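The chain contents come next:
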Amino acid sequence: MNLLLALPVILPLLAAGLSIALRRHLWAQRSLSTAVLVTVLTVAFVLLVLADRRGPLVLPVGGWEAPAGITLVADRLSALLLTVSLLVALAVLLFSMGQGTAERRGRVATAFHPAYLLLAGGVGLAFLTGDLFNLFVAFEVMLGASYVLITLNAGTQRTRAGMTYVLVSLTSSLLFITAIALVYAATGTVNLAQLGERTAALPGGLRSALGLLLLVVFGIKSAMVPLHFWLPDSYPTAPAPITAVFAALLTKVAVYAMVRTQTLLFPREETWVLLAVLAVATMLLGILGALAQDDINRLLSFTLVSHIGFMLFGLALFDVAGLTGTILYVVHHIVVQATLFLVAGLIVRGAGTPALRRMEGRAPPPALLALLFLVPALSLSGIPPLSGFVAKLALLRAGAADGGAAAYALVAAALLTSLLTLAAMARLGRSAFSGAPRPDPRTSPAPAAPRRPARLMAATTAGMALAGVTLVVLAGPLAGISERAAEDLMDRDPYRSAVLVTEAKP
């Protein structure tokens with residue numbers, strides 16, 4: 001069964017090459033992309049079940065042992081996030097096929113499907129890799145694919161935004177490869193399981209420096225304040241499905257990498273005050289930036305930045321309760337943030353403009369769209385009993401149980417951010433759905449009726465909203481597996497033992 005670990009990586013990459021060969025047949029590209037994502041989603045779910053029952057699954061690629069060999073590892077955390085990420089990737093793919101704008105230019109198919117499959121393969125590699133260097137490779141695969149996606153059919157504005165995104169990503173990549181070189185020089189390995197043992201023997205100052213360097217690398221990629229400046233200028237310019245998949249997956253992969261490296265390589269016994277300060281700043285500055293926006297996509301982008309702070313909240317506490325809250329919040333946010341960006345795409349499609357003040361004078365969108373917005377908006381704000389409330393409650397309980405000054409500051413910032421998020425969502429909803437006052441037909445023409453969303457787009461968005469509600473229904477099992485994953489992160493022995501014992505076998 002361990003051979004299944006290769007499929008979420010190799011299948012999308014092979015399909016990306018085949019999709020290029022099928023560039024003249026859009027229907028074939030669509031069928032191939034959908035079949036591959038359904039397959040790897042099924043495989044990811046099987047890996048999740050097996051990892052939860054048996055412990056980490058390990059595949060030494062080619063039979064080569066560490067440190068030279070490539071190792072794929074699926075534990076509870078990586079399998080859970082991989083499953084949720086592929087579910088969202090499949091939903092966004094269906095939405096994009098309903099929209100159609102990203103797939104073709106005139107009568108010619110674009111590179112959307114090959115790039116999208118390449119992105120999915122990079123995400124799979126990032127979650128499953130067992131060494132730092134291939135984590136770097138995964139980020140580079142995602143960078144190449146995302147640059148293609150963000151500049152499809154692009155004009156001057158989107159090309160400029162894409163260049164900003166690439167330059168910032170390349171800067172973080174240079175820092176990442178530098179960090180990998182320093183780690184290898186100090187320990188003689190890049191295998192995460194081996195690093196978990198060898199970094200403990202390093203001098204305290206060197207360990208702190210390496211930990212901070214990796215924090216900066218993944219802080220840039222996850223848009224942690226003050227390293228967030230690139231995201232609100234890059235994401236809003238892309239088509240709705242591209243923005244949705246970026247918001248749902250790319251920043252969360254970086255958060256996963258941060259959690260994995262900090263807990264496995266640089267464990268702590270107390271609250272990490274520096275990260276707590278950064279989490280508070282991320283939550284508050286991000287949501288204040290959202291309140292100042294008039295563009296719907298920029299508002300949601302700043303909200304995305306703000307809620308990265310909730311994920312840092314749990315990691316800063318560095319205990320099982322805090323990490324459980326972080327895992328729950330990542331799962332919730334992957335689904336809810338993607339849903340909000342898809343809804344935003346439908347709103348802009350109907351209104352013909354992303355500017356909130358210009359939407360107020362137009363006829364209101366369909367009532368169904370208002371419902372599809374209301375569910376994820378309330379969830380993001382933490383209104384019970386939705387998934388955002390469940391995740392935030394876990395974080396707040398962890399902060400209250402910690403009892404330190406840094407933990408109380410995190411709790412206060414989280415509560416204030418939730419209230420301000422509700423205000424931002426209310427402002428967005430009022431502008432998008434209040435509608436224009438009924439005109440006098442004798443003196444003024446009626447406002448133009450909004451364009452109704454295509455059926456596949458609406459159905460996919462409804463499915464995503466339903467998935468967010470399903471997280472509440474499955475809150476008990478989800479909290480259970482999140483807690484067990486958090487215990488694995490704090491214990492570290494199950495991960496290291498599974499990898500090193502497997503690699504020791506002839």
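This text goes with the structure placed above it.
Computed from a prediction, not measured in an experiment: that's the story for all the values here.

Each value, and the rule that gives it
- Every chain is numbered independently, its residues counted from 1 as its sequence is written.
- Selection of residues for local features in this predicted model requires a pLDDT of at least 70, selection of side-chain atom pairs for listing and counting requires 80 or more, and totals for whole chains, interfaces and linings are taken over all residues.
- Note that the side-chain values use all heavy atoms of the structure and ignore hydrogens as well as water.
- Starting at the N terminus, helices and strands are each numbered in turn, a helix being any DSSP run of H or I of at least four residues and a strand any DSSP run of E of at least two.
- Three labels apply to residues, based on accessible area from a 1.4 Å probe with only protein chains included: buried if under 20% of the type maximum, exposed if over 50%, partly exposed otherwise in between.
- To be clear on the numbers: accessible area is Shrake-Rupley with a 1.4 Å probe, and residue cover counts the displayed protein chains and nothing else.
- For the purpose of charge, His is not counted, nor are the chain termini; Lys and Arg are scored as positive and Asp and Glu as negative.
- Working definition for charges: the position is that of NZ of Lys, CZ of Arg, CG of Asp or CD of Glu.
- Distance and chemistry together define a polar contact, namely a pair of N or O atoms within 3.5 Å, with one atom able to donate a hydrogen and the other to accept it when in protein, and with adjacent residues in sequence counting only for side-chain atoms on both sides.
- We call two residues in contact when some of their heavy atoms are within 4.5 Å.
- For the purposes of this section, nonpolar cores are sets of buried Ala, Val, Leu, Ile, Met, Phe, Trp, Tyr and Cys residues that join through side-chain atoms within 4.5 Å.
- One requirement defines pairing of two strands: DSSP has to find at least two bridges between them.
- Classification of ring pairs rests on two measures: the distance between centres of Phe, Tyr or Trp rings, Trp counted by its six-membered ring, which must be within 6.5 Å, and the angle between planes, read as stacked under 30 degrees, edge-to-face over 60 and tilted in between.
- Here a cavity means grid points, on a 1 Å grid over the protein atoms only, where a 1.4 Å probe fits yet cannot get out; a pocket means an open set of points with protein on both sides within 12 Å along at least five of seven lines; lining residues are those with an atom within 4 Å of a point.
- Grid points are joined across faces, edges and corners, and a volume is the space filled by probe spheres set on the points.
- Each residue receives one of three labels: charged for Asp, Glu, Lys and Arg, nonpolar for Ala, Val, Leu, Ile, Met, Phe, Trp, Tyr, Cys and Pro, and polar for the others, Gly being one of them.
- Axis geometry follows a simple rule: fit a line to the C-alpha atoms, using only the stretch in contact for helices, then measure angles between N-to-C directions, giving values from 0 to 180 degrees.
- Roughly parallel here means an angle under 35 degrees, roughly antiparallel means over 145, roughly perpendicular means 65 to 115, and every remaining angle is called oblique.

With that settled, the discussion passes to the overall build of the protein. For the protein, the helix and strand inventory stands at 20 helices and four strands. Structurally, the protein occupies a C-alpha span of about 85 × 55 × 40 Å along its principal axes. Classification of the 506 residues of the protein by burial places 59% in the buried group. With the model as given, the accessible surface of the protein reaches about 19,000 Å², and the carbon-plus-sulfur share is 66%. Across the protein, the centroid of the 35 positively charged side chains sits 16 Å from that of the 22 negatively charged ones.

The residue S222 is located in helix α8 (residues 204–222) in this model. In terms of polar contacts, S222 uses its side chain to reach the backbone carbonyl oxygen of F218, at 2.8 Å. A distance of 3.4 Å separates a polar atom in the side chain of S222 from the backbone oxygen of G219. When near neighbours in sequence (up to four residues on either side) are disregarded, S222 contacts T251, A254, V255, M258 and I308.

Right, let's talk about the nonpolar core for a bit. The biggest cluster of nonpolar side chains holds 175 residues, and the ones touching the most others in it are L132 and F176. Residues within four places of L132 in sequence aside, it is in contact with F176, I180, V183, V190, L192, L195, T261 and L265. Counting residues in hydrophobic clusters, the runner-up holds five residues, among them A15, L32, V36 and L117.

Right, let's get into the pairing of strand β2 (residues 70–74). Buried residues dominate β2, accounting for four of its five residues. Here strand β1 (residues 57–61) runs beside β2; their pairing, made up of five bridges, is antiparallel. Bridge pairing links L57 to A74 in β2.

Our focus in this paragraph is the packing of aromatic side chains. Under the definition given, this model contains twelve aromatic pairs. Here Y165 and W230 contribute two aromatic rings whose centre-to-centre distance is 5.8 Å and whose plane-to-plane angle is 50°, an arrangement assigned as tilted. Of this pair, Y165 sits in helix α6 (residues 156–187) while W230 sits in the loop between α8 and α9 (231–234), placing them 65 residues apart in sequence. According to the relative accessible area criterion, Y165 is buried, its value standing at 6%.

Gaps left between atoms show up when a probe the size of a water molecule is rolled over them. Taken as a whole, the largest pocket holds about 510 Å³ of empty space. Forming the walls of the largest pocket are 19 residues, and the residues nearest its centre are F45, L48, L80, L474 and L478. Elements supplying a minimum of two residues to the lining of the largest pocket: α2 (26–54), α3 (76–99), α13 (320–351), α18 (455–473) and α19 (475–491). No other element matches the five residues that α2 contributes to the lining of the largest pocket. Classifying every residue of the lining of the largest pocket gives 14 nonpolar, two polar and three charged. Considered as a void within the structure, the second largest pocket measures approximately 410 Å³ in volume. Secondary-structure elements contributing two or more residues to the lining of the second largest pocket are α6, α9, α10 (240–265), α12 (296–317) and α13.

Moving on, we come to empty space enclosed by the protein. Under the defined criterion, the tally for this structure stands at ten cavities of 30 Å³ or more. Considering only enclosed or pocket space, the largest cavity measures out at about 170 Å³ in volume. Around the largest cavity sit 13 residues that line it, and F139, Y165, S169, K221 and L250 are the ones nearest its centre. Of the residues belonging to the lining of the largest cavity, the class tally is ten nonpolar, two polar and one charged.

Relative to the helices and strands, Q29 is located in helix α2. In this structure Q29 comes out as buried when scored by relative accessible area, which is 0%.

Running from amino to carboxyl end, α3 crosses helix α4 (residues 112–128) at an angle of 170°, the nearest separation of the two axes being 9 Å. As judged from the angle between their axes, α3 and α4 are roughly antiparallel. Every residue of α4 that contacts α3 at S78, L81, L82, S85, A89, V92, L93, S96 and M97 is listed here: F112, H113, Y116, V123, G124, F127 and L128. Broken down by class, the residue content of the contact of α3 with α4 amounts to eleven nonpolar, five polar and no charged.

Our next topic: the environment of L94. Mapped onto the elements, L94 comes out in helix α3. Leave out the neighbours within four places in its chain, and L94 touches T34, L456 and T460.

Let's shift gears to the environment of F389. Position of F389 relative to the elements: it lies in helix α16 (residues 387–402). When neighbours within four sequence positions are excluded, F389 is seen to be in contact with S379, G382, I383 and P384.

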